[in-house]
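Observations on the three-dimensional arrangement
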Amino acid sequence: MGGIQNNSKKSFKPFPWFRVVCLIPLLVWIFVLLVGPHVQLFVISFIKNRHPEEGFYLGNYIRFFSEPLYWRIFVRTAIYAIVTTFFTLSICYPAAFFLAKMAKGRWKLGLILLVVLPFWISELVRTYSWMIMLRETGVINWIMVSLGVFSKPIEMLYNDYAIFVGLSYASMLYMLLPIYGVLDGLDDTLIEAAQDLGASRWTILWEVVWPHSLPGVTAGCIIVFMLTLGNYLTPTLMGGKNSLYFTETIYNQFIVSWNWNQGSAFGFLLLLLSGLFVWLGLKFTGQKLTEVVR
Amino acid sequence: MSKKPGSSTSLKTIYIIYFIAFLLFLFVPLIINGILAFNSDEVPSFPWRGATFGWFYSSSEDQVGVLNDARMIRAIGASFRVAGMVTLLSLLAGTTSSFLFVRENFWGKQALYFAIIAPLVIPGVILGISILVFFNGIIGGLKATFGPDLARPIVRALRPGSLLVILGQFSFIGTIATLVISARLRKFPIELEEAAMDLGSSRWGAIFSVTVPYLFPALLSAGILAFLLSFENFATTLFLIGPKPTLPIFLYSRLRFFITPEINAISVILMAGTALLGLLSMTMRGRAEVG
Amino acid sequence: MATSEIDVQVENLTKKFGDFTAVDKVSFSVPRGSFFSLLGPSGCGKTTILRMISGFETPTYGDVYIGGERVNEIPPNRRRTNLVFQNLALFPLKSVFENVAFGLRRRNVPRGEIRERVQKMLERVGLPGFENKAIHQLSGGQKQRVAIARCLVLEPTVLLLDEPLGALDLKLREHMKLELKKLQHRVGTTFIYITHDQGEAMTMSDQIAVMLRGRIVQIGAPEGLYNSPATSFVAAFVGDSNRLQGRVLSRHNKRVNVGVGPLEVEGVSQPGLEGESDALIFVRPQNVLIGSEADPIPEGYQAFPGLVREGIFEGAVSNYIVELAEGYQIKVVVPQASHVKAFSVEDRVQVAWSPDDTFCFSTEELGDITMSVGQE
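Definitions and cut-offs
- All residue numbers refer to positions counted from 1 along the written sequence of the respective chain.
- Starting at A for chains and at 1 for ligands, labels are handed out in the order in which the entities are written.
- Local features in a predicted model are, by the rule used here, given only for residues with pLDDT of at least 70; side-chain atom pairs are given and counted only at 80 or more, and totals for whole chains, interfaces and linings are based on all residues.
- To obtain the side-chain values, all non-hydrogen atoms of the structure were used and water was disregarded.
- Counting from the N terminus, the helices are DSSP H or I runs at least four residues long and the strands are E runs at least two residues long.
- Only protein chains enter the accessibility calculation, which uses a 1.4 Å probe; a residue is then buried when its area is under 20% of its type maximum, exposed when over 50%, and partly exposed in between.
- Contact definition: two residues touch when any of their heavy atoms are within 4.5 Å.
- All accessibility values rest on the Shrake-Rupley procedure with a 1.4 Å probe; residue burial counts only the protein chains present in the view.
- Throughout, the radius of gyration refers to the C-alpha atoms, and the reference size of a globule is 2.2 Å times the residue count to the power 0.38.
- In this charge count, Lys and Arg are treated as positive and Asp and Glu as negative; neither His nor the chain ends contribute.
- Charged side chains are reduced to one point each, which is NZ for Lys, CZ for Arg, CG for Asp and CD for Glu.
- Here the quantity called buried area is the total loss of accessible area, with a 1.4 Å probe, experienced by two parts when brought into contact, counted for both.
- Note on definitions: salt bridges are taken to be side-chain nitrogens of Lys or Arg within 4 Å of carboxyl oxygens of Asp or Glu.
- Polar contacts here mean pairs of N or O atoms no more than 3.5 Å apart (in protein, one a potential hydrogen donor and the other a potential acceptor; neighbouring residues in sequence count only if both atoms are side-chain atoms).
- An automatic or database domain assignment supplies the residue ranges for each domain.
- Polarity classes work like this: nonpolar for Ala, Val, Leu, Ile, Met, Phe, Trp, Tyr, Cys and Pro, charged for Asp, Glu, Lys and Arg, and polar for all others, with Gly in that last group.
- Nonpolar cores were defined as sets of buried Ala, Val, Leu, Ile, Met, Phe, Trp, Tyr and Cys residues, with membership established by side-chain atoms within 4.5 Å.
- Patch membership is restricted to residues that have no salt bridge and whose relative accessible area is over 30%. Joining uses 9 Å for like charges and 5 Å for the nonpolar side chains Val, Leu, Ile, Met, Phe, Trp and Tyr.
- Confidence of the predictor at the level of single residues is captured by pLDDT, which takes values from 0 to 100.
- Paired strands are those between which DSSP finds at least two bridges.
- Lines are fitted to the C-alpha atoms to define the axes, a helix being fitted only along its stretch in contact, and any angle between axes, read from their N-to-C directions, falls within 0 to 180 degrees.
- Geometry of aromatic contacts follows a simple scheme: Phe, Tyr and Trp rings, the Trp one being its six-membered ring, pair when their centres are within 6.5 Å, and the pair is stacked under 30 degrees between planes, edge-to-face over 60, tilted otherwise.
- In our convention, an over-ring charge means Lys NZ or Arg CZ found within 6 Å of a ring centre and within 35 degrees of that ring's normal.
- Relative orientations are named as follows: roughly parallel for angles under 35 degrees, roughly antiparallel for angles over 145 degrees, roughly perpendicular for angles from 65 to 115 degrees, and oblique for any other angle.
- If you view the pair so one helix is near and one far, a crossing is left-handed when the near helix is turned anticlockwise from the far one by less than a right angle, and right-handed when it is turned clockwise.

1. Comments concerning the overall build of chain C
Of regular secondary structure, chain C possesses 9 helices and 20 strands. Dimensions along the principal axes, computed over C-alpha positions, put chain C at roughly 75 × 50 × 35 Å. Across the 376 residues in chain C, those meeting the buried criterion constitute 53%. A fraction of 67% describes how many contacts in chain C between residues 6 or more apart in sequence connect residues 24 or more apart. When the accessible area of chain C is evaluated, it comes to approximately 16900 Å², of which 47% is carbon and sulfur surface.

2. Some remarks on the overall build of chain A
The secondary structure content of chain A amounts to 14 helices and 0 strands. In sequence order, chain A lays out its α and β elements as α-α-α-α-α-α-α-α-α-α-α-α-α-α. The C-alpha atoms of chain A give a radius of gyration of 24 Å, which is well past the 19 Å a tight globule of 294 residues would have. By principal-axis analysis of the C-alpha atoms, chain A measures approximately 80 × 70 × 35 Å. For chain A, the residues scored as buried account for 52% of the 294 residues in total. Looking at chain A alone, contacts between residues at least 24 apart form 67% of all its contacts between residues at least 6 apart. Of note, chain A has its 21 positive side-chain charges centred 8 Å away from the centre of its 15 negative side-chain charges.

3. A look at the interface of chain C and chain B
Each partner contributes to the interface: chain C provides 22 residues, whereas chain B provides 16 residues. When the two sides are added together, the surface that chain C and chain B hide from each other amounts to roughly 1600 Å², 65% of it contributed by carbon and sulfur. At the boundary of chain C with chain B, the tally comes to 1 salt bridge. One salt bridge connects C:Arg51 with B:Glu194, and the closest N-O pair in it is separated by 2.8 Å. Counting across the interface, chain C meets chain B through 7 residue pairs in polar contact (both at pLDDT 80 or more).

4. Description of the domain arrangement of chain C
Interfaces are often sized by the amount of accessible area the parts lose when they come together. Residues and elements named next belong to chain C. Splitting chain C by domain gives domain 1 (3-232) and domain 2 (242-372). With centres defined by C-alpha atoms, the gap from domain 1 to domain 2 works out at 38 Å. Summing both sides of the interface, domain 1 and domain 2 together bury roughly 950 Å²; the carbon and sulfur share of this comes to 49%. Taken together, the links from domain 1 to domain 2 amount to 0 salt bridges.

5. Brief notes about the interface of chain B and chain A
Every contact between the two is made by 104 residues of chain B and, on the other side, 94 residues of chain A. Around 9300 Å² of area is buried between chain B and chain A when both sides are counted, 77% of it from carbon and sulfur atoms. On inspection of chain B and its partner chain A, the count reaches 1 salt bridge. Where chain B meets chain A, there are 12 residue pairs in polar contact (both at pLDDT 80 or more). Per-element accounting of the side of chain B that touches chain A gives the leading share, 17 residues, to helix H1 (residues 9-36) of chain B. Split by residue class, the side of chain B that touches chain A holds 70 nonpolar, 22 polar and 12 charged.

6. Observations concerning the nonpolar core
One recurring pattern in soluble globular proteins: nonpolar side chains tend to sit buried together. Of all hydrophobic cores here, the largest spans 247 residues; its most connected members are B:Phe22, B:Leu247, C:Ile53 and C:Ile192. If we ignore the near neighbours within four places in the chain, the residues touching B:Leu247 are B:Met72, B:Ala75, B:Ile76, B:Ser79, B:Phe231, B:Ile266 and B:Leu270. Counting 26 residues, the second largest nonpolar core, distinct from the first, contains C:Leu263, C:Leu273, C:Ile330 and C:Cys360.

7. Regarding a nonpolar patch on the surface
Residue and element names in this part refer to chain A. A surface patch of nonpolar side chains, about 460 Å² in accessible area, is lined by Leu-27, Phe-31, Val-35, Val-39, Phe-42 and Val-43. As for its position among the elements, Leu-27 is in helix H2 (residues 18-44). By relative accessible area, Leu-27 is classed as partly exposed at 31%.

8. Quick look at the confidence of the model for chain C
Residues and elements named next belong to chain C. When pLDDT is averaged along chain C, the result is 85; 95% of the residues meet or exceed 70. pLDDT under 50 marks residues 367-376. Its contacts with residues more than four places away, or in other chains, come to 12 contacts. Reported confidence for the predicted complex is 0.87 by ipTM and 0.81 by pTM.

9. With respect to the pairing of strand E19 (residues 348-353) of chain C
Residue and element names in this part refer to chain C. Taken across its 6 residues, E19 has 5 buried, putting it largely inside the fold. In this structure, strand E15 (residues 289-291) lies alongside E19, joined through 3 bridges in antiparallel fashion. Each residue of the ladder has a partner; that of Leu-289, found in E19, is Ala-352. As paired elements, strand E16 (residues 302-314) and E19 share 6 bridges and run antiparallel to each other. Bridge pairing in E19 places Pro-305 opposite Gln-350.

10. A short note on the sheet that holds E16(C)
Residue and element names in this part refer to chain C. Spatial strand order, E15-E19-E16-E17-E18: 5 strands in an open sheet with antiparallel pairing. Each edge of the open sheet carries a strand with a single partner, namely E15 and strand E18 (328-335). Here the strands of the sheet are splayed against their neighbours by 40 degrees on average, with no regard to which way each runs. Sheet topology places strand E17 (residues 317-325) next to E18; 8 bridges connect them, and they run antiparallel. Bridged to Glu-323 within E18 is Gln-329.

11. Here we look at the packing of aromatic side chains
A complete count under the given rule lists 50 aromatic pairs over all chains for this structure. The interplanar angle of 65 degrees and the centroid separation of 5.9 Å between the aromatic rings of A:Phe64 and A:Phe266 together place this pair among those described as edge-to-face. A residue pair is termed long-range when its members are at least 10 positions apart, and A:Phe64 in helix H3 (residues 59-66) and A:Phe266 in helix H13 (residues 260-285) qualify at 202 residues. For the pair shown, A:Phe64 and A:Phe266 are each scored as buried. Plain terms: the ring middles of A:Phe246 and A:Phe266 are 5.4 Å apart, the flat faces sit at 50 degrees to each other, and that makes the pair tilted. Here A:Phe266 lies in helix H13 and A:Phe246 lies in helix H12 (residues 246-256), a separation of 20 residues in the sequence. Of the two residues examined, A:Phe246 and A:Phe266, each falls in the buried class. Members of the aromatic cluster, joined through ring pairs, are A:Tyr232, A:Tyr251, A:Phe254, A:Trp258, A:Trp260, B:Phe234, B:Phe239 and B:Tyr252. The lysine or arginine in question, C:Arg106, covers the ring of C:Phe102, its NZ or CZ lying 4.2 Å from the ring centre.

12. Some points on the pairing of strand E13 (residues 263-269) of chain C
Residues and elements named next belong to chain C. Across the 7 residues of E13, 5 count as buried, placing the element largely inside the fold. Hairpin remark: strand E12 (residues 255-260) followed by E13, antiparallel, with 2 residues in the connecting loop; positive phi at Gly-261, about 60 degrees. Strand direction decides the pairing type here: E13 and strand E20 (residues 359-362), joined by 2 bridges, are parallel. Considered in E20, the bridge of Val-268 is made with Phe-359.

13. Quick look at the pattern of salt bridges
Applying the stated criterion across every chain yields a total of 29 salt bridges over all chains. In this structure, the salt-bridge partner of A:Asp184 is A:Lys108, at a minimum N-O distance of 2.8 Å. Taken together, the residues A:Asp184 in helix H8 (residues 160-185) and A:Lys108 in helix H5 (residues 105-120) connect sequence positions 76 residues apart. Residue class for A:Lys108 comes out buried when judged on its relative accessible area of 17%. The shortest N-O distance in the salt bridge between C:Lys15 and C:Glu57 comes to 3.9 Å. Of this pair, C:Lys15 sits in strand E1 (residues 6-17) while C:Glu57 sits in the loop between helix H1 (46-54) and strand E4 (61-66), and the two are 42 residues apart along the sequence. Sharing partners across several salt bridges, the network here consists of B:Glu194, C:Lys15, C:Arg51 and C:Glu57.

14. A word on the packing of helix H6 (residues 123-134) of chain A against helix H10 (residues 247-255) of chain B
The interhelical angle for the contact between H6(A) and H10(B), taken along N-to-C directions, is 20 degrees, at an axis separation of 11 Å. Taken together, the axis directions place H6(A) and H10(B) in an arrangement best described as roughly parallel. Every pair of crossing elements has a handedness; the one defined by H6(A) and H10(B) is left-handed. Touching A:Leu124, A:Tyr128 and A:Met131 of H6(A) are B:Pro248, B:Leu251, B:Tyr252 and B:Leu255, all from H10(B). The class makeup of the residues in the contact of H6(A) with H10(B) is 7 nonpolar, no polar and no charged.

Printed below as a string of structure tokens:
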């Protein structure tokens with residue numbers, strides 16, 4: 001009975017065409033802004049640039065695999081993203097643990113607010129802040145030279161380390177929050193019970209805390225990996241001339257070479273890689289996308 | 001309260017030090033960025049060469065302040081317009097979609113839900129280029145069907161420019177608005193609407209007098225979130241932008257060529273504005289969870 | 001109190017959800033000013049009836065009349081009924097005053113009058129001065145009263161209540177039962193009350209309709225249902241009963257003899273019990289006498305020897321569980337008084353009751369639901 005009544009209650013509408021009126025914007029959104037564009041991206045990646053009349057064309061993909069330049073950038077980008085993900089995880093996990101299990105009451109709330117605050121700020125401002133820290137004429141160099149540690153300024157921007165710092169900084173919150181969420185939900189009595197049963201600190205961490213936090217870790221890793229893989233701003237502003245990022249090659253194909261077909265193929269490959277990782281992450285921990293986004 | 005894990009004092013000290021270091025890592029760059037907005041040196045770095053507010057409003061040749069930088073002001077204006085539209089669209093679509101997902105049952109609902117959360121795992125660059133190629137395809141189709149002259153007014157709107165930027169940003173910001181609003185709507189006891197009707201409200205009256213006030217914190221929170229996300233969006237916008245750059249695009253092109261503390265000044269303005277809106281949104285969400 | 005005027009009448013009311021018939025050809029009428037209860041286990045369709053009267057569901061067929069007017073097509077906001085929801089559905093963001101004033105505002109009642117009527121109403125339900133309180137500041141019982149005040153202030157023809165005491169704890173529920181009855185008496189509004197708790201229905205109602213599987217099994221005053229249940233379901237559901245199962249051995253006119261294990265019990269055959277079939281026997285514990293083996297048996301009573309298995313003393317009454325034969329126990333309730341003899345466990349006793357107080361039903365109506373009803 002309960003179920004039946006719930007259904008009948010749900011059918012309560014402000015007017016008869018309510019469902020249709022709500023459905024129209026949703027369908028437009030999905031088909032015009034999501035499905036259509038991605039289908040088109042897929043389609044034109046199989047068309048030869050400036051020669052659409054030739055029909056189905058695999059050249060854009062063949063070019064990717066035959067020219068080492070492209071797939072090397074691709075692989076390097078993936079490695080950057082993986083390394084950044086692990087780096088972020090290792091920095092954020094202890095911080096999340098501190099917030100969830102050691103900070104209390106007002107402090108806890110205040111600290112969370114404090115941690116979240118920087119991420120409301122524009123990504124560009126955040127990247128710029130690091131640029132003026134690391135530049136040859138930047139703040140760190142000024143300090144080091146003033147203290148006499150460096151004899152003359154060193155360029156710390158425009159290299160791989162700078163990119164890692166920038167990428168990690170950009171995505172830290174997305175690692176921190178999901179892990180904090182699951183750790184906060186971990187009942188303290190569970191830890192106490194383990195202590196009571198004679199478990200050492202490390203055993204507790206490994207046998208109780210870590211398994212419990214896995215869903216949050218997965219969610220965090222997926223989001224950070226995806227954000228890093230698709231990042232354009234940080235690598236272009238902080239990376240060197242010869243550490244090209246895959247999103248930059250897409251940009252170059254679209255805006256510089258004006259070869260949209262090639263760019264679409266690259267874009268599709270990036271989407272595939274990102275999707276593959278998300279899928280693997282979910283599969284690995286047996287979660288659903290709809291749960292992870294919560 | 002009994003013993004917490006790792007409650008031995010030495011470990012706790014290490015933890016506190018770690019967390020402080022973590023906070024420093026988060027805040028030092030931002031704080032220094034802010035401080036340097038008030039340094040009169042032309043290079044945003046130390047040493048300190050005296051305090052100035054010039055980077056905010058000066059109009060002299062060698063020290064152009066934000067308020068007197070016409071291109072900067074134009075970019076800010078463009079960002080406001082785009083963010084306003086994106087916020088409006090996101091709230092509208094977010095609300096209607098939430099009602100659909102929370103209140104209705106229909107065939108294919110799960111698939112549609114999956115489709116709208118997908119943008120969360122699609123890189124922004126991809127969203128940008130896919131919308132670019134799709135609308136370019138539509139332009140091609142329109143020209144072929146109606147001839148270049150008839151199609152011109154529509155074609156102009158569909159070229160890279162404000163409309164595409166708005167649509168592109170909306171494609172994923174709408175998702176976030178939907179998630180925030182539907183989470184609140186899901187908690188709404190439907191009996192409240194029935195009670196309002198039982199007491200004499202019309203169907204619309206019930207929605208406006210009971211449901212909308214209930215959703216208000218979520219709507220405000222989603223609106224602020226949408227506005228901020230739109231205002232700072234870079235990756236998607238980059239591919240869809242026309243001749244009028246938004247602020248992030250404008251700053252990006254500036255950064256690649258020359259850097260003056262004027263950028264620190266606009267950073268300070270942005271940081272203050274976002275912190276304010278962000279806190280407002282957080283308190284709203286907090287209230288939404290209590291009420 | 002009750003006049004002959006009818007406030008609510010339903011005729012052949014039926015509601016189907018797909019293949020499932022939630023309400024099946026239900027008819028009843030509620031006289032003005034009376035307290036009418038729909039009683040039944042959860043899932044019997046009582047809430048659906050209420051929702052059809054208030055206008056949230058449309059009948060599949062059948063009619064609803066309010067104040068003599070057919071209202072099938074009238075939406076809930078234009079019916080002169082008001083509903084107190086199971087979870088009360090108070091508007092959480094509005095104050096007590098705004099909650100009570102809500103309906104008056106929809107009717108464009110002048111401000112001054114709204115203030116006056118709300119004030120008066122809050123006084124009436126025992127919440128004077130609560131106007132500016134927020135809903136979350138109220139206790140369960142106070143919320144209850146606000147929900148009722150919010151409806152009564154509109155002076156509805158009939159007030160519908162959907163298990164409004166369900167969310168309260170036991171003690172408060174007992175208290176609110178009496179409060180509600182007093183309130184109804186005071187305002188004189190017709191109440192239609194839904195519950196699965198027979199105690200609530202018995203305490204408050206003028207008339208009770210007992211429902212099972214979408215149908216009304218019996219309508220009557222509480223005493224009527226208690227003293228002459230029409231079916232085994234009513235006998236089992238309303239009030240406390242001893243229930244024995246057996247088989248008809250013989251019958252003469254309205255009387256039947258039923259074999260219950262080694263015993264033979266005489267009782268009144270109820271409609272539906274035919275031939276030599278299985279039978280369910282109901283005897284109210286209050287109608288059973290208990291005495292020593294030597295005590296005289298009243299005229300016309302049937303007596304059985306037994307052994308006291310349990311004695312529970314509850315102040316005003318004593319309950320005994322007496323074993324008549326292995327596996328056949330009977331509960332006896334006797335008023336506690338100085339002249340009444342008390343028994344203790346293992347005492348040999350004699351129990352007796354009149355065949356007139358023994359209802360014998362066919363076993364068909366109570367099938368799978370018997371167990372769940374007993375535990376409600």
